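Understanding the architecture of this molecule
One letter stands for each residue in the lines below.
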Amino acid sequence: MKRIVSTLALGAALGFGTTAALAQAPSTLRNIQNKGFVQCGVTQGLAGFSMPDSAGNWTGLDVDLCRAIAAAIFNDPTKVRFSPLSAKDRFTALQSGEVDLLSRNTTWTLQRDTSLGLNFAGINYYDGQGFMVRKSLNVKSARELSGASVCVQTGTTTELNVADFFRANNLKYEPVVFASADETIKAYDSGRCDVFTTDASGLYAERVKLAKPDDHVVLPEIISKEPLGPVVRHGDDQWLDVVKWVHFAMVTAEELNITKANLDQMLQSTNPEIRRVLGVEGNGGEALGLTKDWVVRIVRHVGNYAEIFDRNVGPSTRLGISRGLNALWTKGGLQYAPPIR
């Protein structure tokens, strides 16, 4: 009996300790609500994903995710401040609390997920690493690049993948390494190296910056998996939930054909799933610490996933990227959202 009482007392103490620890856990969402904006870590400038114009206004696929989060929290997509971060500095900035999240074409890997004190909150762009060369080299395949000099950004999975590719194919190469993406593409454009390598999306984004974009070709090989997505710190599950479900909400809105243009009409729908997603029924937003109309706010101010993709990187943009792997799962792609219910 004494042993049972002691065990119960210990369990109660542990339960109290757990409850107290949870109560004292930092709340990123609460801090954001108090300060009035989301601090979002982005690239130092990558067309289609996160790029400032001459007036300092940021646009891009990753930027729109940050704006969607701000819309869900504040009903105002402008309540975001952007911190341009190099590949080398991005994780330190998140770990230290300088930013609330990274939305910065960052690849989800085992090492990053387990040893940096970070959580990946989903995949908003499925990508893979490729190569770009000058057409004048008359190279048709990456397997013809033995002996080439390759411009690559340090502190990235790109640097590791290119080493693996040349080693696996018994090819020699000379890495020419730079600290920032801007330095890397400028070095390639000036002729410092034969090849430029990065994620395929980045190849198309950086090619538009070249002096003569049409003189360069992207080779057919994709040598890696690069699942890109937002990243948050360990230790705050509520904030992790908010970030990942904002992305899922945009994908779900596309699945249900809820757009900026037809949103008010959809609010009158009798379809139970649409009513649940838009907060007419149920309390999904409240479970996240948001309002019932959180998805309405996202779609009204930013759009669904198809809208942000087409606006920033799609076929009608300078990048001209097809949906490919980023199509909905119902259309042969990988974008898939768990049910909002």
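Computed from a prediction, not measured in an experiment: that's the story for all the values here.

**With respect to the overall build of the protein**
Each helix and strand in the protein was counted, giving 14 helices and 14 strands. In terms of overall dimensions, the protein is globule-like: its C-alpha atoms have a radius of gyration of 23 Å, near the 20 Å expected for 341 residues. Its C-alpha atoms give the protein principal-axis dimensions of about 80 × 60 × 40 Å. Considering only contacts in the protein between residues 6 or more positions apart, those separated by 24 or more positions represent 72%. Carbon and sulfur atoms form 51% of the exposed surface of the protein, whose accessible area is close to 16,200 Å². Counting 36 positive and 35 negative side-chain charges, the protein places the centres of these two groups 3 Å from one another.

**Structural notes on the nonpolar core**
Counting residues in hydrophobic clusters, the biggest one holds 62 residues, and the most contacted among them are Ile69, Ile73, Trp239, Val246, Ile258, Leu278 and Trp294. With 11 residues, the top contributor of residues to this core is helix H9 (residues 237-255). Leaving out residues up to four positions away in the same chain, Ile73 has contacts with Leu29, Ile32, Gln33, Val38, Trp239, Leu290 and Arg297. Grouped together as the second largest cluster of nonpolar side chains are 13 residues, Val133, Val150, Val162 and Phe165 included.

**A short note on the pairing of strand E11 (residues 195-199)**
Counting buried residues along E11, five of its five residues qualify, which places the element largely inside the surrounding structure. Taken together, the five bridges between strand E8 (residues 129-134) and E11 define a ladder with antiparallel strand orientation. By the bridge assignment, Gly130 is partnered in E11 with Thr198. Across two bridges, strand E9 (residues 148-153) lies against E11 in parallel orientation. Among the inter-strand pairings, Cys151 is bridged to a residue of E11, identified as Phe196.

**Some points on the state of the cysteines**
Taken as a whole and judged by the stated rule, the model has two disulfides. What pairs with Cys151 in a disulfide is Cys193, and their sulfur atoms sit 1.8 Å apart. Residues Cys151 and Cys193 are joined by a disulfide whose S-S torsion is about -105°; by sign, that bridge is left-handed. Of this pair, Cys151 sits in strand E9 while Cys193 sits in the loop between helix H7 (181-189) and E11; the two residues are 42 residues apart in sequence, bridging distant segments of the chain. Like Cys151, the residue Cys193 is buried in the burial classification. Among the cysteines of the protein that take part in disulfides, numbered as they appear in the sequence, the pairing is 1-2, 3-4.

**Here's the deal with unusual backbone geometry**
Backbone geometry places Asn75, a non-glycine residue, at a positive phi of 60°. By the secondary structure assignment, Asn75 is in the loop between helix H3 (61-74) and strand E4 (80-84). Positive phi values are uncommon outside glycine, yet Asn138 reaches one of about 55°. Among the structural elements, Asn138 can be located in the loop between E8 and E9.

**Focus: the packing of H9 against helix H13 (residues 294-301)**
Remark: H9 packs on H13, axes separated minimally by 10 Å, with the N-to-C direction vectors making an angle of 70°. When the axes of H9 and H13 are compared, the pair comes out roughly perpendicular. Crossing handedness for the pair H9 and H13: right-handed. Along its contact with H9, which presents Trp245, Val246, Ala249, Met250 and Ala253, the element H13 presents Trp294, Val295, Ile298 and Val299. Within the contact of H9 with H13, the residues separate by chemical class into nine nonpolar, no polar and no charged.

**Observations concerning the sheet that holds strand E10 (residues 173-178)**
An order of E10-E9-E11-E8-E12 is seen for the five strands of this open sheet, with the pairing classed as mixed. A strand with exactly one partner marks an edge of an open sheet, and here the two such strands are E10 and strand E12 (216-218). In this sheet, neighbouring strand axes are inclined to one another by 30° on average, regardless of whether the strands run parallel or antiparallel. In the packing of helix H6 (residues 157-168) onto the sheet, the strands contacted are E8, E9, E10 and E11, and the crossing angle to E8 comes to about 80°. Sitting on the sheet, helix H8 (residues 200-207) touches E8, E11 and E12, and the angle it makes with E11 is about 125°.

Calculation rules
Residues numbered from 1 in each chain as written. Predicted model: local features only at pLDDT ≥ 70, side-chain atom pairs only at ≥ 80, totals over all residues. Heavy atoms only, no water. Helix = DSSP H or I, 4+ residues; strand = E, 2+ residues; numbered from the N terminus. Rg over C-alpha atoms; globule rule 2.2 N^0.38 Å. Contact = heavy atoms within 4.5 Å. Areas by Shrake-Rupley, 256 points an atom, 1.4 Å probe, with all protein chains shown as cover. Lys, Arg positive; Asp, Glu negative; His and termini not counted. Charge placed at Lys NZ, Arg CZ, Asp CG, Glu CD. Core = buried A, V, L, I, M, F, W, Y, C linked by side-chain atoms within 4.5 Å. Buried < 20%, exposed > 50% of the residue type's maximum accessible area, 1.4 Å probe, protein only. Pairing = 2+ DSSP bridges. Disulfide = S-S within 2.5 Å. Axes fitted to C-alpha atoms, helices over the stretch in contact; angles between N-to-C directions. Parallel < 35°, antiparallel > 145°, perpendicular 65-115°, else oblique. Left-handed = near helix turned anticlockwise from the far one by under 90°. Nonpolar A, V, L, I, M, F, W, Y, C, P; charged D, E, K, R; others polar.

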